[in-house]
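# Overview (structure and organization)
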Amino acid sequence: MFWLLATFAYLLGSLSFAILLSRLTGRPDPRMSGSGNAGATNMLRLAGRKLAILTLLGDLCKGLVPVLLANLAGLSLQQQAWIGVCAVLGHLFPLYFRFRGGKGVATAAGMLLGLYPPAALLAVAAWLLTFYLTRTSSLAALIATPLILPLLAWQEPAALLPVTALVALIVWRHRGNLRDLFAGRERHF
């Protein structure tokens, strides 16, 4: 069951709502415009609030649904977390879109919501506060994602290894943003 759900999670994660919604509405491919990222933040820049919200909800569900299914199947918390990581990998490297996807933040939030809701709430609160103070989405993601690790180490240590791998993937996907942040060139809202 684990491998079946892991494969399902990757394939579901490979559905890029930013790209699909852009195609359905005749907008440019988000990977070719704005920040070049297939995610909700770039959709907000390129297509407005409505499509950004739809992208965010779709990406959240891609992380949430496989974890909930793994829970219903009776898999361990660690297995559920690895299945969530597979959904995020699908978002980062989507099979259907030449392996060029987004940065995984919303899909990771959905995964955390299904896995351990207090961690998701902590990440969302940290993201919102950082974004409010800096108006910089990438910085908000880079602060919010690692912040959940001490909480998981304390409350749900079985999920710590897969979620640490997830955080490392998200930080790695933001490496260009880190360079821009240090150089003072990062985009703000």
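Look up a bit, the structure's there.
Quick caveat: nothing in here was measured; it's all calculated off a predicted structure. (Residues numbered from 1 in each chain as written. Predicted model: local features only at pLDDT ≥ 70, side-chain atom pairs only at ≥ 80, totals over all residues. Heavy atoms only, no water.)

## Here we look at the packing of aromatic side chains
Here the structure, examined in full by the defined rule, presents 4 aromatic pairs. A ring pair is formed by phenylalanine 2 and tryptophan 3, whose centres lie 5.0 Å apart and whose planes are at 80°; its orientation type is edge-to-face. On the basis of relative accessibility, which here comes to 18%, the residue phenylalanine 2 falls in the buried class. For the ring pair phenylalanine 131 and phenylalanine 189, a centre distance of 5.6 Å and an interplane angle of 65° mean the geometry is edge-to-face. (Phe/Tyr/Trp six-rings, centres within 6.5 Å; stacked < 30°, edge-to-face > 60°. Buried < 20%, exposed > 50% of the residue type's maximum accessible area, 1.4 Å probe, protein only.)

## Quick notes on the packing of helix α8 (residues 137–155) against helix α9 (residues 160–173)
At a minimum axis distance of 10 Å, the contact between α8 and α9 shows a crossing angle of 170°. Classed by the angle they form, the pair α8 and α9 counts as roughly antiparallel. Residues Leu142, Thr145, Pro146, Ile148, Leu149, Leu152 and Ala153 of α8 pack against Leu160, Val163, Thr164, Val167, Ile170 and Val171 of α9. (Axes fitted to C-alpha atoms, helices over the stretch in contact; angles between N-to-C directions. Helix = DSSP H or I, 4+ residues; strand = E, 2+ residues; numbered from the N terminus. Parallel < 35°, antiparallel > 145°, perpendicular 65-115°, else oblique. Contact = heavy atoms within 4.5 Å.)

## A word on the nonpolar core
Among the nonpolar cores identified, the biggest contains 26 residues, and Met111, Leu115, Ala119, Ile148, Val163 and Leu166 are the most heavily contacted of them. When residues of this core are traced back to their parent elements, those giving at least two are α5 (77–92), α6 (105–115), α7 (117–134), α8 and α9. Sequence-distant contacts of alanine 119, defined by excluding residues within four places in its chain, comprise Leu112, Ile148, Leu151 and Leu152. (Core = buried A, V, L, I, M, F, W, Y, C linked by side-chain atoms within 4.5 Å.)

## Let's talk about helix α2 (residues 17–25)
Of the residues making up α2, those classed as buried are Ala18, Ile19, Leu21 and Ser22. Backbone geometry just after α2 places glycine 26 at a positive phi near 75°.

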